[in-house]
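Spelled out, the chains give:
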Amino acid sequence: MMSMHARTGGASGRARARMNPIPWFRPLSAMLFVLLLASGCAKYPASTEPLGGTVAGKAISRTARSAVGTPYRPGGNSPRSGFDCSGLVCWAYAQNGVSLPRTTVEQKNIGRAVSKDRLQPGDVVVFNIRRGLHTGIYTGDGKFIHSPSRGKTVREESLNQKYWKDRFVVGRRHRQVE
């Protein structure tokens, strides 16, 4: 017959340790869980991309960003030969499977109009400058990428700079980027 002491598992810690052969398992599993959780967070660094926009629009923005530093060239439409403003826009879209017209006048009319406060990455931004129309690609956070003029290179600038703010005409969103 079993004594009361044996049925309750005994009063000593040694008796409990013998009944639970892995006393370190619970704290170790908790520690492993925390480490796995932390390593999962560290695996994916915080994105520098804006939150809004579509996958296609963000891809177009990334493509345009890859051309930063490329020299301006009138009529240019590739990183190898250089870009003019509409050539950069046309190229960035084409690299992502979207066909756009080549000239600024035609690009001003693609897709649907978008106000400045509704722009999303990948939208075409249109400006009225001294030489006529000028286009670029909105990248998010109030910025856009464009190929400015002779002697300059493709760059990212703020729409809030007075020069661009005063000359903004419209944003255009292509149906394949919605």
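Along every chain, residues carry numbers that run from 1 in the direction the sequence is written. With pLDDT at 70 or above as the cut-off, local features in this predicted model cover only qualifying residues; side-chain atom pairs require 80 or more to be listed or tallied, and sums for whole chains, interfaces and linings still use all residues. Computation of side-chain values covers all heavy atoms of the structure but excludes hydrogens and water.

Enquirer: Lay out the confidence of the model for the protein chain with the relevant residues and their values.
Expert: On a scale of 0 to 100, pLDDT captures the predictor's confidence in every residue. Taken over all residues, the pLDDT of the protein chain has a mean of 83, while the share at 70 or more is 71%. We call two residues in contact when some of their heavy atoms are within 4.5 Å. Taken together, the stretch residues 1-9 has pLDDT below 50 and engages in 6 contacts with residues farther than four places along the chain or on a different chain.

Enquirer: Explain helix α5 (residues 85-94) residue by residue, including any values.
Expert: Spacing of three or four residues puts side chains on the same side of an α-helix, whose turn is 3.6 residues. Relative accessible area decides the class of each residue, using a 1.4 Å probe on protein chains only: under 20% of the type maximum gives buried, over 50% gives exposed, and in between gives partly exposed. A run of DSSP states H or I qualifies as a helix once it reaches four residues; a run of E qualifies as a strand once it reaches two. Both are numbered from the N-terminal end. For α5, a buried count of 9 out of 10 residues is recorded, marking the element as mostly surrounded by other parts of the structure. Taken residue by residue, α5 has Cys85, Ser86, Gly87, Leu88, Val89, Cys90, Trp91, Ala92 and Tyr93 as its buried positions.

Enquirer: Provide a residue-level description of the sheet that holds strand β4 (residues 124-129), including the pertinent values.
Expert: Here we have 6 strands laid out as an open sheet, ordered β3-β8-β4-β5-β6-β7, and antiparallel in their pairing. In the strand order of this sheet, the two ends are held by β3 (112-114) and β7 (155-158), each with one partner. Neighbour-to-neighbour, the strand axes of the sheet open up by a mean angle of 40°, direction not taken into account. Here the rule is simple: two strands pair whenever DSSP picks up at least two bridges between them. Here strand β6 (residues 143-146) runs beside β7; their pairing, made up of 4 bridges, is antiparallel. Note on β7: the bridge partner recorded for Phe144 is Glu157. For helices, the fitted line uses only the C-alpha atoms of the stretch in contact; every axis is such a line through C-alpha atoms, and the angle between N-to-C directions lies from 0 to 180 degrees. Contacting β5 (132-140), β6 and β7, helix α4 (residues 55-66) crosses the sheet at an angle of about 110° to β5. Strands β4, β5 and β6 of the sheet are contacted by α5, whose axis makes an angle of about 40° with β5.

Enquirer: Explain α4 to me, and be specific about the residues and the numbers.
Expert: In this model, α4 (12 residues) spans 17 Å end to end at C-alpha, consistent with the 16 Å of a helix rising 1.5 Å per residue. Taken together, the buried positions of α4 are occupied by Gly57, Lys58, Ala59, Ile60, Ser61, Thr63 and Ala64. Residues of α4 that are buried make contact with α5, β5 and β6. Multiply 1.5 Å by the residue count of a helix minus one, and that product is the helix's expected span.

Enquirer: Give a detailed account of the nonpolar core, specifying residues and quantitative values.
Expert: Only buried residues count toward a nonpolar core. Its members are Ala, Val, Leu, Ile, Met, Phe, Trp, Tyr and Cys residues joined through side-chain atoms within 4.5 Å. Counting 19 residues, the largest nonpolar core has Leu88, Tyr93, Val124 and Ile137 as the members making the most contacts within it. At the level of secondary structure, the elements contributing two or more residues to this core comprise α4, α5 and β4. Formed by 10 residues, the second largest nonpolar core is a distinct cluster that contains Val114, Phe127, Phe144 and Trp164.

Enquirer: Any chance you could break down the pairing of β4 for me, citing the residues and the numbers?
Expert: For β4, the buried fraction is high: 5 of the 6 residues fall into the buried class. Direction of pairing for β4 relative to β5: antiparallel, over a ladder of 6 bridges. What sits directly across from Asn128, in β5, is Leu133. With antiparallel pairing between neighbouring strands as the criterion, β4 and β5 make up a hairpin whose turn holds 2 residues. Inspection of the sheet shows β4 paired to strand β8 (residues 168-173) by 4 bridges, in the antiparallel sense. Residue pairing across strands places Val125 opposite Gly171, the latter belonging to β8.

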